[in-house]
Amino acid sequence: METKLTIGIADMKFAQNSGTLITYALGSCIGICLYDPAIKLGGLLHIMLPLNMETGRKNPLKYADTGMAEMLRQMEAKGASKARIVAKIAGGAKMFEVTGGALGNIGQRNIESVRVQMKKLGLRIANEDVGGTVARTMSMDVETGAISIKSYGRPEVFL
């Protein structure tokens, strides 16, 4: 039987050899998939915000900077090699029109933060489906590393 693991907001899960990792409602949030094809290890992280400025840092998975560092650490602890890891991202949509707010376009800020963190961690983004104004559902087939992006009103995208 196919195992399907659902990743919530500010959540992360891993699977190896088979199964599906899936996250829903990627609006301004970003889904980050890391995959090591040699050992068929996949991870999916659903971040909400670009930087962890929270006192006490209660949930590092909520933020691009601390969440991605933790994800890479756990991937390597499970036997992944940074040199083999394939990274793919989706999300970062502009879901609401915000005028004059200090927040600005949080989706765009998330995209930029994820790109900066990938560079810092020494990872390259192989493919992405980011920006726009639609929410996305992102899923990974752990056996193959294939990523599917579904959004209302547009064709399915494969990364």
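Residues numbered from 1 in each chain as written. Predicted model: local features only at pLDDT ≥ 70, side-chain atom pairs only at ≥ 80, totals over all residues. Heavy atoms only, no water.

Peer 1: What is the right way to read the overall build of the protein chain from this model?
Peer 2: When helices and strands are tallied, the protein chain shows two helices and 10 strands. The order of helices and strands in the protein chain, counted from the N terminus, is β-β-β-β-β-α-β-α-β-β-β-β. Against the compact-globule benchmark of 15 Å for 159 residues, the protein chain has a radius of gyration of 15 Å, which places it among compact chains. When the backbone C-alpha atoms are referred to their principal axes, the protein chain occupies close to 50 × 40 × 25 Å. Within the protein chain, buried positions represent 46% of all 159 residues. In the protein chain, 62% of the contacts between residues at least 6 apart in sequence involve partners at least 24 apart. If you average the places of the 20 positive and of the 14 negative side-chain charges in the protein chain, the two averages end up 3 Å apart. (Helix = DSSP H or I, 4+ residues; strand = E, 2+ residues; numbered from the N terminus. Rg over C-alpha atoms; globule rule 2.2 N^0.38 Å. Buried < 20%, exposed > 50% of the residue type's maximum accessible area, 1.4 Å probe, protein only. Contact = heavy atoms within 4.5 Å. Lys, Arg positive; Asp, Glu negative; His and termini not counted. Charge placed at Lys NZ, Arg CZ, Asp CG, Glu CD.)

Peer 1: Would you explain the sheet that holds strand 3 (residues 20-26) in this entry?
Peer 2: The strands making up a sheet associate through backbone hydrogen bonding, with each pair oriented either parallel or antiparallel. Pairing is mixed across the open sheet formed by five strands, whose spatial order is 1-3-8-9-10. The open sheet terminates on both sides in strands that have one partner only, identified here as strand 1 (4-7) and strand 10 (154-158). On average, adjacent strands in this sheet sit at an angle of 20° to one another, irrespective of strand direction. Here strand 9 (residues 146-151) runs beside strand 10; their pairing, made up of three bridges, is antiparallel. What sits directly across from serine 148, in strand 10, is phenylalanine 158. (Pairing = 2+ DSSP bridges. Axes fitted to C-alpha atoms, helices over the stretch in contact; angles between N-to-C directions.)

Peer 1: Any chance you could explain the pairing of strand 6 (residues 86-91) here in plain terms?
Peer 2: Side-chain direction in a regular strand flips from residue to residue, so the side chains alternate between the two faces of the sheet. Along strand 6, five of the six residues are buried, which leaves the element largely enclosed by surrounding structure. Alignment of strand 4 (residues 30-36) against strand 6, held across six bridges, turns out to be antiparallel. When the bridges of strand 6 are listed, glycine 31 appears paired with alanine 90. Judged from the five bridges that link them, strand 6 and strand 7 (residues 125-130) form a sheet pairing that is parallel. Considered in strand 7, the bridge of alanine 90 is made with aspartate 129.

Peer 1: Help me understand the sheet that holds strand 6, please; the structure alone is not making it clear to me.
Peer 2: Read across the sheet, five strands follow the order 2-5-4-6-7 without closing on themselves; strand pairing throughout is mixed. Looking at strand neighbours, the two that pair on one side only are strand 2 (11-16) and strand 7, the edges of this open sheet. Across the sheet, the mean angle from the axis of one strand to that of its neighbour is 10°, orientation sign disregarded. Across the sheet, helix 1 (residues 64-77) touches strand 2, strand 4 and strand 5 (41-47), and the angle it forms with strand 5 is around 165°. Strands in contact with helix 2 (residues 106-121) are strand 4, strand 5, strand 6 and strand 7; relative to strand 4, the strand with the most contacts, it is inclined by about 25°.

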